[in-house]
Amino acid sequence: MSSNIVWHETTISKSERQEKKGHKSCILWFTGLSGSGKSTLANAVEAALIQRNVHSYVLDGDNVRHGLNKGLGFTEEDRKENIRRIGEVSKLFVDAGVITLTAFISPFREDRDQVRALVEEGEFIEIFVNASLETCESRDPKGLYEKARAGIIPNFTGISSPYEQPENPELTIETDNLSIEESVAKVIQYLETKEII
């Protein structure tokens, strides 16, 4: 980075933005295997937040790879860079007073911890969307597991690349056992308990 770049302080603070919006801001980081239900849950939670007039936005793994991260592949190095960029974008959304819902496999603990370190205590809420590999494979909404098993897709999380489960997530949602409505309710209850909304 150039030594000629200096951070410019903004006139309006994060707390002022939050006050104007009527709620706090945070990152809801949905992590789990492909097919576990991260995107489905993130979008359903956003719909529930919008019903409550809460400013929110979903950053979805596939969607972000169509633009901001379209030059990145799925090597370990590219996956790390993918999450680093999303972390920085999420931090900007939090500063804007927006509840940011991110739906990314984000397989490596270290990468998730680095995003956590970008924001203040309590602003990173790790949500482990937990479903068994068997369940994820049976869902396989994009046909990816079949291709990974056939060797067509290399470095596929859960098959040929590891997934490091969160050790102490703020929430675990067992999508094997809970309906989407029950899953959304758990997230909303957490946000209310922590007085974020």
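Above: the structure in question.
This one's a predicted model, so the numbers in the text were calculated from it and none came from an experiment.

(A) Broad picture of the side chain of K14. The topology assignment puts K14 in helix α1 (residues 14–21). When near neighbours in sequence (up to four residues on either side) are disregarded, K14 contacts S25, V94, D95, E120 and E123.

(B) View of empty space enclosed by the protein. The tally for this structure, following the rule as stated, stands at 1 cavity of 30 Å³ or more. Taken as a whole, the largest cavity encloses approximately 40 Å³ of empty space. Around the largest cavity, the lining residues are K80, I83, R84, D111, Q114 and V115. Mapped by element, the contributors of at least two residues to the lining of the largest cavity are α4 (76–95) and α5 (109–116). A class-by-class count of the residues in the lining of the largest cavity yields 2 nonpolar, 1 polar and 3 charged.

(C) Seen up close, the pattern of salt bridges. Evaluated as defined, the whole model comprises 13 salt bridges. D111 is the partner of K80 in a salt bridge, and the nearest nitrogen-oxygen pair spans 3.2 Å. Remark: D111 occurs in helix α5 and K80 occurs in helix α4; sequence separation between them is 31 residues. Residue D111 is classed as buried on the basis of its relative accessible area, which comes to 5%. R116 serves as the salt-bridge partner of E170, at 2.8 Å between the closest nitrogen and oxygen. In this pair, E170 sits in the loop between α7 (144–149) and β5 (171–174) while R116 sits in helix α5, placing the two residues 54 residues apart along the sequence. A relative accessible area of 27% means that E170 is categorised as partly exposed. Given the relative accessible area of 26%, R116 is considered partly exposed.

Reading the values: the criteria
- Residues numbered from 1 in each chain as written.
- Predicted model: local features only at pLDDT ≥ 70, side-chain atom pairs only at ≥ 80, totals over all residues.
- Heavy atoms only, no water.
- Helix = DSSP H or I, 4+ residues; strand = E, 2+ residues; numbered from the N terminus.
- Contact = heavy atoms within 4.5 Å.
- 1 Å grid on protein atoms, 1.4 Å probe; cavity = no way out; pocket = protein on both sides within 12 Å on 5 of 7 lines; lining within 4 Å.
- Points joined across faces, edges and corners; volume = space filled by probe spheres on them.
- Nonpolar A, V, L, I, M, F, W, Y, C, P; charged D, E, K, R; others polar.
- Salt bridge = Lys/Arg side-chain N within 4 Å of Asp/Glu carboxyl O.
- Buried < 20%, exposed > 50% of the residue type's maximum accessible area, 1.4 Å probe, protein only.

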